[in-house]
Amino acid sequence: AARLASSGPDDAEAAYLQALNLGLYVRAKGLAAVGRLSELVALLKTAGAQPDLDQGGPLRVLGLLYVRAPAWPAGPGDLDIGLDLLRQAAGKYPEHPLNHLFYAQALIEADDQAGARRELDQARALIVADRHGDWAARWKAEADDLAARLR
């Protein structure tokens, strides 16, 4: 639907929405969908033309993709690139809890326990049910899972 509603191949908002949906598909299919990762990266790079979307959403999602995806030659995974993108998202858009939550995950992968704790604390402070509805409980549970990895 996002592709059909798009105003063209450079429509950042349509690319972001399409990337979010494709990301859900890839997450559900796991390694069976690894062939779609390059498409996902391309969509997120197009969306990056408007980094303000969803308070840093294109940076945040692309950064997490680089952190979680398998590394070359199987996939585009690259922890250093992911860390950089997530650092930018958390720095430029500090009001969105997922920017800090995803950055904390990357810092755990990079074995920066202190940095991960700092980002988790910021994420938790920003997760408010009145503002984020049903997502607040999910994000808090994800923060709790990440915190447990730090112990």
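Remember, predicted model here, so these are calculated numbers, not experimental data. (Residues numbered from 1 in each chain as written. Predicted model: local features only at pLDDT ≥ 70, side-chain atom pairs only at ≥ 80, totals over all residues. Heavy atoms only, no water.)

Peer 1: Give me the overall build of the protein: which residues, what numbers.
Peer 2: Tallying secondary structure elements over the protein gives 9 helices and 0 strands in all. Moving toward the C terminus, one meets the helices and strands of the protein in the order α-α-α-α-α-α-α-α-α. Seen through its principal axes, the protein has C-alpha atoms that stretch 45 × 40 × 25 Å. Out of the 151 residues belonging to the protein, those deemed buried represent 44%. Nonlocal contacts in the protein, meaning residues at least 24 apart in sequence, comprise 52% of its contacts between residues at least 6 apart. Carbon and sulfur atoms provide 54% of the accessible area of the protein, an area that totals close to 8,300 Å². (Helix = DSSP H or I, 4+ residues; strand = E, 2+ residues; numbered from the N terminus. Buried < 20%, exposed > 50% of the residue type's maximum accessible area, 1.4 Å probe, protein only. Contact = heavy atoms within 4.5 Å. Areas by Shrake-Rupley, 256 points an atom, 1.4 Å probe, with all protein chains shown as cover.)

Peer 1: Quick rundown of the environment of V128? Include the residues and the values.
Peer 2: Following the sequence through the fold, V128 ends up in the loop between α7 (113–126) and α8 (129–132). Put simply, V128 and W139 are 11 residues apart on the chain and 9.8 Å apart in space, counted from C-alpha to C-alpha. Those residues in contact with V128 that sit more than four places away from it in its chain are G133 and A136.

Peer 1: Residue-level account of α7, with values.
Peer 2: The terminal C-alpha atoms of α7 lie 20 Å apart, and with 14 residues this matches the ideal 20 Å at 1.5 Å per residue to within 8%. Those residues of α7 that fall on the buried side of the exposure criterion are G115, A116, E119, L120, A123 and L126. Along α7, the residues classed as buried sweep out an arc of 130° about the axis, all on the same side. Away from its buried face, by an angle of more than 90 degrees, α7 presents the exposed residues A114, D121 and A125. Tucked inside the fold, the buried residues of α7 contact α5 (79–92), α6 (97–109), α8 and α9 (134–150). (Expected span 1.5 Å × (residues − 1). Arc of directions from axis to C-beta.)

Peer 1: Pulling in residues and values, what's your account of the environment of D54?
Peer 2: Position of D54 relative to the elements: it lies in the loop between α3 (37–47) and α4 (57–68). In sequence terms D54 and Y93 are 39 residues apart; their C-alpha atoms lie 9.4 Å from each other. Apart from the residues lying within four places of it in its own chain, the contact partners of D54 are Y16, R60 and H96. A polar side-chain atom of D54 sits 2.7 Å from a polar atom in the side chain of Y16. Among the polar contacts made by the side chain of D54, one reaches the side chain of R60 at a distance of 2.8 Å. (Polar contact = N/O pair within 3.5 Å; in protein donor to acceptor, adjacent residues only side chain to side chain.)

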